[in-house]
Amino acid sequence: MNFLSFYMKNIWVIIIITLRQCGKKLFTCSCEPTCKSLKTCCADYSEFCVEISPYSGSIMGGTEFVILNATFNNTSNLVCRFHGNAVTEGYVDGDRRGHCVSPLLYRTGLVSVEISSDNGTTFSRTGTWLSVHTGKLDSKFKAAMVNSTQWQYYGTPNVGGTLNMTWNPSLVRADKVNIELWGYRETGEKPYETDWRAEWKYLYTLAKDHPNTGSFSFVPKPGQNGSSSWELGSVRVSSNVHQEGKSHVQAVWTEDHALAWQLEEKFRQTSSAWALDKCLAWDKLEERIPSFIRELIDCPCTLAQARADTGRFHTDYGCDIEKGSVCTYHPGAVHCVRAIQASPLYGAGQQCCYDSNGTQVLTGDSIGGSTPDRAHDWGSPPYDIPPHVPGQSHWVYDVLSFYYCCLWSDNCQYYFKHRPSSDCRQYKTPSTAVVFGDPHFVTFDGVSYSFNGRGEYNLVTSESKQLSVQGRTEPVSGTINATKLTAVAMKESYFDIVEVRLASDQNSLEVLRDGKSLSFSEQSWIDLNGVSVFSPSPTNVTAMFRSGAGVEVRLREGIMTTTVLLPESFKSTTLGLLGRMNGDPADDLTLNNGQVVQNQSNPEEVFSFGVSCAITQLSSLFTYDTKYLLDTYASGPKHHVGFIPVFSIPENPNDPLANETSKICSGEGSQFCRYDILVGRSPSMGNASRASFQSHISLMKALAPVAACGYVAAPANGEKLGVSYVQGAKLTFSCNDGYTLQGSQDRVCQENGQWSGEMAQCVGPSNTGIVLILIITMAVLYCKRQSRYDNVTLS
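Owing to the predicted nature of the structure, the values given are computational and were not obtained by experimental measurement.

The rules behind the values
- Residues numbered from 1 in each chain as written.
- Predicted model: local features only at pLDDT ≥ 70, side-chain atom pairs only at ≥ 80, totals over all residues.
- Heavy atoms only, no water.
- Salt bridge = Lys/Arg side-chain N within 4 Å of Asp/Glu carboxyl O.
- Helix = DSSP H or I, 4+ residues; strand = E, 2+ residues; numbered from the N terminus.
- Buried < 20%, exposed > 50% of the residue type's maximum accessible area, 1.4 Å probe, protein only.
- Domains from an automatic or database assignment.
- Contact = heavy atoms within 4.5 Å.
- Buried area = accessible area lost by both parts, 1.4 Å probe.
- Polar contact = N/O pair within 3.5 Å; in protein donor to acceptor, adjacent residues only side chain to side chain.
- Nonpolar A, V, L, I, M, F, W, Y, C, P; charged D, E, K, R; others polar.
- Pairing = 2+ DSSP bridges.
- Axes fitted to C-alpha atoms, helices over the stretch in contact; angles between N-to-C directions.

**A closer look at the pattern of salt bridges**
Note on pairing: side chains with opposite charge can pair once their charged atoms come close.
Next up, step 1: Here the structure, examined in full by the defined rule, presents 33 salt bridges.
Next up, step 2: For Glu47, the salt bridge goes to Arg125, with nearest N and O atoms at 2.7 Å. Residue Glu47 is located in helix α3 (residues 45–48), and its partner Arg125 is located in strand β9 (residues 125–132); the two are separated by 78 residues in the primary sequence.
Next up, step 3: According to the relative accessible area criterion, Glu47 is partly exposed, its value standing at 26%.
Next up, step 4: Under the relative-accessibility criterion, Arg125 is labelled buried at 8%.
Next up, step 5: With a shortest N-O distance of 2.6 Å, Glu322 and Arg307 are connected by a salt bridge. Residue Glu322 is found in the loop between β18 (313–315) and β19 (335–339), and its partner Arg307 is found in helix α7 (residues 303–308); the two are separated by 15 residues along the sequence.
Next up, step 6: What you see here is one network of salt bridges that share partners, running through Glu286, Arg374, Asp398 and Arg419.

In structure tokens form, the structure reads like this:
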């Protein structure tokens, strides 16, 4: 074979292999997500770049899905590989559609799925699977432990009897099922060492060939053959056609839970003493492994702050005020939040809980107080390695120990010694800026202005933080020289690009990840590479970055509002339409040549500033997947110089919209509302602008800084009235009978972050006597000393 023949043969092999790489731009065609709408797809795109349904399921595995837009031979031996290593068997149905089952994973978020039709020899088809934390998964996809408290306290005083569980029979395709117990643990020399490993293991079968009726009852016994040493696990329901304990089969699982019901007989005989031994052993372990507390962000001071700081905190699904405040592990709290990002070194998490008054609950005052976590409940990269495994690592390090010390015995002092509440003395609220309406801007430092350029612009750039948030504006209509925001694209560092844009129906938002549309029809939260996206409704999207930056996009009346929240670490690093975040409004409107707009009320000067914020072809983060976008924005100018907007509101008393404008637009921000109606010719846009501006004002109020003075304990032999430690809070101290209060009875948290008065102490009778004796003795000694001094002086 000559060199040319060899070269041509191998280049075709390379081309064939490349054609099967989804997401790639190739020689003469494309396998990028945009190829569908642009009609540039490779001939085999639909065969090798597949979609699956459902696209998500529990981290525990067992969800069966069908492979869409692909057909298989009936003789195909189907195999699916997840994240490059977990392999499950599939099958081909009578319609030649392929089916596979998701595996038990040790990570959440989007993972790759590779599909083989030749029993794993080659994996030619590619898709993605969303692995979901059990706490975030809808209950209808889980087996329910009826009265879960009974399960997790079984064997403690007065807790026993029959345990019951239920499930949806359609989740397991079988007439009869096996019901099995699986256990989880982390093993090795000690935590954080390289040999530390996570393990799910089949323990034993509770029932074999049980009718798939959707319910099962049993009276538990202590585990045999060493299984009673497993303290954390889950019950799995799977088809009886599979060998007992077979991994990666269609199944439904209970939530992971403390296995009180199968612990050794000793636990049932003396549960409190058994738990205390475990608590003390945990206490010694915590003394030997590194402390993580200093890594954590402080909690927000108030519930309002906690719910508003959406870039850094999110609702804890175990204690949600929107879902009835069922706070099992935080009695007395009505809502908890978790820090979204785990700590950088140890992967630790912060949890902050609040009572019905919006006051942070501290463990010094209540067993239901806020607690930090050695392992973040939602996990953290690299996920698979403890203590980063979502859910389970948190159970091992933080929840089981709470059972040992607090729930199964009354020794919470050991637990709280290592899991003290963070107060909020070091918490700094984020700065926030917004763009809304036609479009109007309020910068981080509070400057309000309007900019009606048409094009793609930098909303926020921070070179040092490697954050970029860009916005696209388009004309409101073909006859009106006003624009509106229609898309926002964002990226931090080298991580995924997230784009949120108006959907084609103009009534919902579409979310793209690196050009590919994301679906939130099954799950509201998706963890991507370096960014998480939360979309509880089609008109509500929040992107949360590792830096703590948050971008909220809301749709009102077909008009996008975008709010950016940045933590203090971004101070003096930002540029763009949302201004310099440095506390100085005077320099917010700075052109890219360094010139500052002197007259911020001059619309022409402001317009020049806006034009200077246009992005470049190379810096664009947007996806151009239609001919219109390609022609108008991708290959066209980033700022359309021919589009000259209306700079001022026309004052025409005969305008047919004048009366409606007066009715809709009133109060603070009315100028934006008036502009959108009288220039944009849209009362609904004006109404949306009014609502968006008022929401921004409410957000600013919620994020108003609050001084905090720190926790103060009740004095020994006394009591404290009051559990709030922020500015204006009052603490009142009293002493038990027979003790006298020394110091201040009342102390108030002051604006400077210091408590008024002096520390309160309760002094008993014996202490009083000792004090009197000391005073008398010192007085006598002083008199004698003074007498000697006088005698010396006289002589």
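**Structural notes on the domain arrangement of the protein**
Next up, step 1: Splitting the protein by domain gives domain 1 (34–132), domain 2 (139–269), domain 3 (271–289 + 331–419), domain 4 (431–648) and domain 5 (718–763).
Next up, step 2: Spacing between the C-alpha centres of domain 2 and domain 3 amounts to 23 Å.
Next up, step 3: Taken together, the contact pairs 25 residues of domain 2 with 24 residues of domain 3.
Next up, step 4: Of the roughly 2,200 Å² buried where domain 2 meets domain 3, counting both sides, 63% is carbon and sulfur surface.
Next up, step 5: Of all residues in domain 2, Tyr192, Glu231 and Phe267 give up the largest surface area on contact with domain 3, accounting jointly for 30% of the area buried on that side.
Next up, step 6: Connecting domain 2 to domain 3 are one salt bridge.
Next up, step 7: The residue Glu231 makes a salt bridge to Lys278 at a minimum N-O spacing of 2.8 Å.
Next up, step 8: At the boundary of domain 2 with domain 3, the tally comes to 11 residue pairs in polar contact (both at pLDDT 80 or more).
Next up, step 9: For the side of domain 2 that touches domain 3, the secondary-structure elements that each account for two or more residues are α4 (148–153), β12 (176–187), β13 (197–211), β17 (257–258) and α5 (265–269).
Next up, step 10: Looking at the side of domain 2 that touches domain 3 residue by residue, the class counts come to 13 nonpolar, five polar and seven charged.

**What about the side chain of Arg419?**
Next up, step 1: Mapping Arg419 onto the fold places it in the loop between α9 (412–418) and β21 (431–436).
Next up, step 2: In terms of polar contacts, Arg419 uses its side chain to reach the side chain of Glu286, at 3.1 Å.

**Observations regarding the sheet that holds strand β28 (residues 509–513)**
Next up, step 1: The sheet built from seven strands is open, its strands ordered β29-β28-β27-β26-β25-β24-β35 with antiparallel pairing. One side of each edge strand has no neighbouring strand; the edge strands of this open sheet are β29 (516–518) and β35 (574–575).
Next up, step 2: Alignment of strand β24 (residues 455–462) against strand β25 (residues 467–477), held across seven bridges, turns out to be antiparallel. By the bridge assignment, Val460 is partnered in β25 with Val469.
Next up, step 3: Lying over the sheet, helix α11 (residues 627–634) contacts β24, β25 and β27 (498–502), oriented at roughly 105° with respect to β25.

**What about the pairing of strand β31 (residues 531–537)?**
Next up, step 1: With five of seven residues buried, β31 is to be regarded as a mostly interior element.
Next up, step 2: Across three bridges, strand β30 (residues 525–527) lies against β31 in antiparallel orientation. Among the inter-strand pairings, Asp527 is bridged to a residue of β31, identified as Ser532.
Next up, step 3: Count of turn residues in the β30/β31 antiparallel hairpin: three residues, of which Gly530 carries a positive phi of about 85°.
Next up, step 4: Bridge count between β31 and strand β32 (residues 540–545): five bridges; the pairing is antiparallel. Bridge pairing in β32 links Val531 to Phe545.
Next up, step 5: Where β31 folds back on β32, the antiparallel hairpin that results is connected by two residues.

**Concerning helix α10 (residues 603–612)**
Given 3.6 residues per helical turn, the α-helix brings residues three or four places apart onto the same face.
Next up, step 1: Where α10 is concerned, the buried positions are Val606, Phe607, Phe609, Gly610 and Ser612.
Next up, step 2: Where α10 is buried, its residues meet β23 (448–450) and β24.
Next up, step 3: Its side-chain oxygen 2.9 Å from the backbone nitrogen of Glu604, Asn602 forms the N-cap of α10.

**A closer look at the sheet that holds strand β34 (residues 559–566)**
Next up, step 1: Read across the sheet, eight strands follow the order β23-β22-β21-β34-β33-β32-β31-β30 without closing on themselves; strand pairing throughout is antiparallel. Strands with a single pairing partner mark the edges of an open sheet, and in this sheet they are β23 and β30. For this sheet the average axis-to-axis angle between neighbouring strands, irrespective of direction, equals 15°.
Next up, step 2: Of the strands in this sheet, β21, β22 (440–442), β33 (550–556) and β34 are in contact with helix α14 (residues 683–702), which crosses β21 at around 180°.

**Focus on unusual backbone geometry**
Next up, step 1: Residues Pro381 and Pro382 are joined by a peptide bond in cis, for which omega reads 10°.
Next up, step 2: Take Pro382: it is sitting in the loop between β20 (351–354) and α8 (392–407).
Next up, step 3: Of the consecutive residues Pro386 and Pro387, the connecting peptide bond is found in the cis state with omega at 5°.
Next up, step 4: The residue Pro387 is located in the loop between β20 and α8 in this model.
Next up, step 5: In this model, Tyr192 sits at a positive phi of 80°, which is unusual for a non-glycine residue.
Next up, step 6: Secondary-structure assignment places Tyr192 in the loop between β12 and β13.
Next up, step 7: Despite not being glycine, Gln506 has its phi angle at roughly 65°, a positive value.
Next up, step 8: As for its placement among the helices and strands, Gln506 is situated in the loop between β27 and β28.

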